[in-house]
Each structure stands twice: as C-alpha cells, then as structure tokens.
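# Structural description and commentary
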Amino acid sequence: MATTDFKDYYSILGLTKSATAEEIKKAYRKLARKYHPDMNPGDKKAEARFKEVNEAYEVLSDPEKRKKYDQFGQYWNQVGSTSGGWPGGTGGTTVDFGGFDFSQYASFEDFINTLLGRGGTPGSGNVGGRQTYTYKTNTGWPGGFNNGFDGFSNFENRQSAASLNLEAEITLTFAEAFRGTQKRVGTGEVSIPPGVKPGSKIRVKGRGQLDPYTKKRGDLYLKVEIQSHSFFQFDGENLLCEVPITPDEAVLGTSIEVPTPDGMVNVNIPAGIRSGQSLRLRGKGWPKAKSGGRTDQLVRVTITVPKDISAIEKECYEKIKANRTFNPRSHLQSISL
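Note that the structure is predicted; figures quoted are calculated from it, not measured.

The rules behind these values
Residues numbered from 1 in each chain as written. Predicted model: local features only at pLDDT ≥ 70, side-chain atom pairs only at ≥ 80, totals over all residues. Heavy atoms only, no water. Buried < 20%, exposed > 50% of the residue type's maximum accessible area, 1.4 Å probe, protein only. Helix = DSSP H or I, 4+ residues; strand = E, 2+ residues; numbered from the N terminus. Arc of directions from axis to C-beta. Polar contact = N/O pair within 3.5 Å; in protein donor to acceptor, adjacent residues only side chain to side chain. Phe/Tyr/Trp six-rings, centres within 6.5 Å; stacked < 30°, edge-to-face > 60°. Contact = heavy atoms within 4.5 Å. Pairing = 2+ DSSP bridges. Expected span 1.5 Å × (residues − 1).

### Considerations on helix α4 (residues 63-72)
For an α-helix, 3.6 residues make a turn, and residues three or four places apart therefore share a direction. Of all the residues in α4, the buried ones are Arg66, Lys68, Tyr69 and Phe72. The arc enclosing the buried residues of α4, seen along the axis, measures out at 165°, which places them on a common side. Between the side-chain oxygen at the start of α4 and the backbone nitrogen of glutamate 64 there is a gap of 3.0 Å, and the oxygen is on aspartate 62. Positive backbone phi, approximately 60°, marks glycine 73, located one or two places after α4.

### Quick notes on the packing of aromatic side chains
Using the criterion set out here, one finds eight aromatic pairs in the structure. Aromatic side chains phenylalanine 231 and phenylalanine 232 sit 5.0 Å apart centroid to centroid with 80° between the ring planes, which places their arrangement in the edge-to-face category. Take phenylalanine 231: its relative accessible area is 24%, and that puts it in the partly exposed class. Overall, the relative accessible area of 10% leaves phenylalanine 232 in the buried class. When the centroid spacing of 4.8 Å and the interplanar angle of 75° are considered together, the rings of phenylalanine 234 and tryptophan 286 count as edge-to-face. Taken as a pair, phenylalanine 234 in strand β6 (residues 233-235) and tryptophan 286 in the loop between β10 (278-281) and β11 (297-303) lie far apart in primary sequence, 52 residues in all. Residue class for tryptophan 286 comes out buried when judged on its relative accessible area of 1%. Within the aromatic cluster, the residues linked to one another by ring pairs are Phe174, Phe178, Phe234 and Trp286.

### Considering the side chain of arginine 207
Turning to its location among the elements, arginine 207 is positioned in the loop between β4 (201-204) and β5 (220-226). A distance of 2.5 Å separates the side chain of arginine 207 from the backbone oxygen of valine 185, its partner in a polar contact. Aside from chain neighbours lying at most four places away, what touches arginine 207 is His36, Asp38, Leu166, Val185, Thr187, Gly188, Glu189, Val190, Gly218, Asp219 and Leu220.

### A look at the pairing of β10
Here β10 shows one buried face, formed by Leu279 and Leu281, and one open face, formed by Ser278 and Arg280. With four bridges connecting them, β10 and β11 associate as antiparallel partners. Residue pairing in the sheet places leucine 279 in a bridge with valine 299 of β11.

### Considerations on the pairing of strand β8 (residues 254-260)
When β8 meets strand β9 (residues 263-269), the two strands line up antiparallel, connected through seven bridges. Looking at the pairing, valine 258 lines up with valine 265 of β9. Connecting β8 to the next strand, β9, in antiparallel fashion are two residues.

### Considering helix α3 (residues 44-60)
Between its first and last C-alpha, α3 extends 24 Å over 17 residues, near the 24 Å set by a 1.5 Å rise per residue. When we look at burial in α3, the residues that qualify are Ala46, Phe50, Val53, Asn54, Glu55, Ala56, Tyr57, Glu58, Val59 and Leu60. Buried residues along α3 sit against α1 (9-12), α2 (21-35) and α4. Where α3 starts, the residue carrying a side-chain oxygen 3.1 Å from the main-chain nitrogen of lysine 45 turns out to be aspartate 43.

Just distances and angles here, no functional claims.
Pasting the structure below:
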C-alpha cells in the first residue's frame, strides 16, 4: 500500500485516537445508517462512504487489529505478528521466511524501505539496493508475495461475515406483533411473523452491509419493540389483564365477559374470590412463534368499591354491616411487640 493510499480510520468515523470501544461502535452505527445503500439508492458517493465506514470499523472494533493499526499505520495489515512489534521481533510471528534474519532491521519501517529499494543501510531506516529473498507459502501473510519480495501484491482488508451484519430497531403495535404484518424497512418490505415478542430479533437475509470484494451482503437483524396496550400486557410467556368486579360479585360469585385477542369470552367468577387473585384462560394468550399454538391469558381480579351509591344501595350495605358475622381483622388481636 502506498503512503498516499493510507486511510485515517479515526477521521473516517469522526473520532480521535483516544476513542473508546463504545464511542467507536456508536459512531459506526450512526454513519452506517446514514450511508447505507438502502437509505441512498443509486448514490455512488454514499456507497463509497459506506465502504470506508465499514472498513474503518472492521479494524478499529478489533482490539488486535487496532493495536497493529496504531503501531504500524498503513502497514498494519502486512504484519503477521500479534506481539513483539513486527516480523522478527521477540514476540514471535506467524510467518515462515525460511530462516531469513529480520534482526538487521531496527523497525518495520526499515524492512519496508528494503522492499521498496530505498537507499541506506540495514538498521538505519534507509536501506540501499533491492534484495530478493525466498518466501515460503502457506503463511499467515495476506495475499503473499510472488518470487521473493519485489513490492506488495494482492493485499486485501477482508471483512468477516459477522461484520457485514446490521442491527436496527422496529416498533410494532400489539396487533401487528400478534397477527404478523408487512413493514417497510429502508427500500424494501420485511415480513414480520405472528407472535414476535419484545426484545426478539428478526433476521432478514441479504439486507446488511455490502462486502466490496465479494459483492455479497450480510444480514439485517431487526430488534423488536412493541407499543404498550391499554388492556393487555406480557407476564412472561403469557398475557395478563386486570378486570374489576364489585364487592357483591366477589362475595356471591358471578359470570362476566372478558376481552381476549380473539374477542369477548364468558368467565365464571367463583364466590369468595380475593382481590388480586388470577384466573387462567388456557390457550387464549400469545402465539407461540416456534412451536405453534397459544400461551395462556391470566385474568387478575380487582374488587372495586363504588364511590357513589343510591339510597337503596346504602340501605342494603347498612343492613349487611349490622348483620355481618365475618371480621377480617380478628387475627390482629394477638399481635404485639
């Protein structure tokens, strides 16, 4: 790679060299969304910018790659050693150069100068003459060399499959999540299956980032958020709702209508039910996305006392009070410090 081809990955992401991993991730997500081809159809400049952002993130998000990039600049991807500074250093290397001695060079820059035929002497940073060395294949160097070191060839900064994936959030109504729907994301439609839950992820194949080398795309992962509902809420795998009943219904028992995702159903309230107690409607809950069927709907009963009552209602309550035999506070008599 020529010096003029050097890319400042920090500047590409709008960051400084002291940026944290979280800052790098945040900057990348912002720029990836901004320049994604789906958001800029036909815009070649945006596509080129998108590739630069991906390339920068691929390097700076990987601690080992970032370390080599910070140390060796434009030559970071030619360094096979993960420690020790450069090929031939004390930290070891993944490259077999057939016994060639790198100790004659003071730095990796000196080594590069030798490859490019720059003037000087070994170890001075300015090596004279162009030398040819035998290079053994099946090494850790990307691209390799042909017939000795006569310049660089075929070096590529390839992105891993995982780095091509994108993640975004999608917000659904309760009805959309329950029944499934079609949603437009970017420039295309995405099919949302029935029964998705908050926090679940939907994989959309081939809608991620574009690999500039293979021209293949990664996948898009949509993280699901569901708007709150006025009546239903999640209770683990099940649906939960609250239904008010009156004091006389709680004492005597009754039958009431309760909303479910399928419509109204009759529910028997047993006599003597307590406030906060739940009744289970089997198979009336949320769709099971993988196994099929439905979870349960839990009906939590709350006893609601009326604020305004008629004269006859008041008279009846007075009679109940005068003739009541049940004392819910009788057990309090035995409590003391």
